[in-house]
Structures are given as C-alpha cells and as structure tokens.
Amino acid sequence: VIVISHNELDGPFPTGNRWLAGLPNVDLVVHAHDHRKFSRPIRVERARGGKVSYIVETGCWGHFVGKLDLVYDKKTRRFDVQNYEL
C-alpha cells in the first residue's frame, strides 16, 4: 500500500506520516507537507510482524523529482529500497 499524504511528518496522533507508515498494511508514504528534501528514505519499523515501511519527500515547489526503486521478494512478501535519488 502506497499512501500519498499531506500530513506533518511527526504530527499529533493520528495524523503524522511516521504514524501512518507504522500501520500494518502501509509500505510507503510519499510525504508532502513539511517541504523537506530527504536525501534517503526514512525507514520505519512496524509495530507488528517485523516489516519495514519507508517515507520519502522531495522538497517543495518542484525543485526536485524523486526516483525510488523497490525490490520485492515473493517468498517473504517483503520489499526493500534498491535505489533512491533526487
């Protein structure tokens, strides 16, 4: 599940994107509120199941465009970031 969100990164419960990324079925949050430029994805450990989620943001006003390559393992049903760039 990929969430495109305009919430704060660490906003009050339950609106923060870090909180959203920790939900059981969320795999990636495309973050767009704080106008930050993340040079690498933020890794969020989920509370259950040992899975990981990621948060990305490319800054503001179209100054950067991000590219995220994910690798999916069919056996474990998990993915990981292979490449991320702005």
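Residues numbered from 1 in each chain as written. Predicted model: local features only at pLDDT ≥ 70, side-chain atom pairs only at ≥ 80, totals over all residues. Heavy atoms only, no water.

Undergrad: Sorry if this is basic, but what is going on with the overall build of the chain here?
TA: Counting secondary structure elements, the chain contains one helix and six strands. The N-to-C order of helical and strand elements in the chain reads β-α-β-β-β-β-β. Over its C-alpha atoms, taken along the principal directions, the chain stretches across nearly 40 × 30 × 15 Å. When the 86 residues of the chain are sorted by exposure, 30% land in the buried category. Long-range pairs, those at least 24 residues apart, make up 47% of the contacts in the chain with a sequence separation of at least 6. Accessible area of the chain: about 5900 Å², with a carbon and sulfur share of 53%. (Helix = DSSP H or I, 4+ residues; strand = E, 2+ residues; numbered from the N terminus. Buried < 20%, exposed > 50% of the residue type's maximum accessible area, 1.4 Å probe, protein only. Contact = heavy atoms within 4.5 Å. Areas by Shrake-Rupley, 256 points an atom, 1.4 Å probe, with all protein chains shown as cover.)

Undergrad: What exactly am I supposed to notice about the sheet that holds strand S1 (residues 2-5) here?
TA: Paired through their backbone hydrogen bonds, the strands of a sheet run either parallel or antiparallel. Strand order in this open sheet of four strands is S1-S2-S4-S3, and the pairing throughout is mixed. For this open sheet the edge positions go to S1 and strand S3 (42-45), each flanked by a neighbour on one side alone. The mean inter-strand angle of the sheet, taken between neighbouring strand axes irrespective of direction, is 20°. Here S1 pairs with strand S2 (residues 28-31) via four bridges, running parallel. Counterpart to Ile4 in the pairing with S2 is Val30. (Pairing = 2+ DSSP bridges. Axes fitted to C-alpha atoms, helices over the stretch in contact; angles between N-to-C directions.)

Undergrad: What is the right way to read the side chain of Asn17 from this model?
TA: Along the chain, the position of Asn17 falls in helix H1 (residues 17-21). Residue Asn17 is classed as buried on the basis of its relative accessible area of 0%. When neighbours within four sequence positions are excluded, Asn17 is seen to be in contact with Ser5, Asn7, Glu8, Leu9, Val29, His31 and Ile55.

Undergrad: Could you clarify how one ought to interpret the environment of Phe38 in this entry?
TA: Looking at where Phe38 falls in the secondary structure, it is placed in the loop between S2 and S3. Judged by its relative accessible area of 9%, Phe38 is buried. A C-alpha to C-alpha distance of 6.4 Å links Phe38 and Val56, two positions 18 residues apart in sequence. Those residues in contact with Phe38 that sit more than four places away from it in its chain are Leu9, His31, Ile55, Val56, Glu57, Tyr84 and Leu86.

Undergrad: What is the right way to read the nonpolar core from this model?
TA: Soluble, globular proteins show a tendency: their nonpolar side chains are buried together. Counting 16 residues, the largest nonpolar core has Val29, Phe38, Ile42 and Ile55 as the members making the most contacts within it. Those elements that provide at least two residues to this core are H1, S2, S3, strand S4 (52-56) and strand S6 (78-85). Residue contributions to this core peak at four residues, all from S4. Setting aside residues no more than four positions away along its own chain, Ile55 makes contact with Leu9, Asn17, Arg18, Ala21, Val29, His31, Phe38, Pro41, Ile42 and Val44. (Core = buried A, V, L, I, M, F, W, Y, C linked by side-chain atoms within 4.5 Å.)

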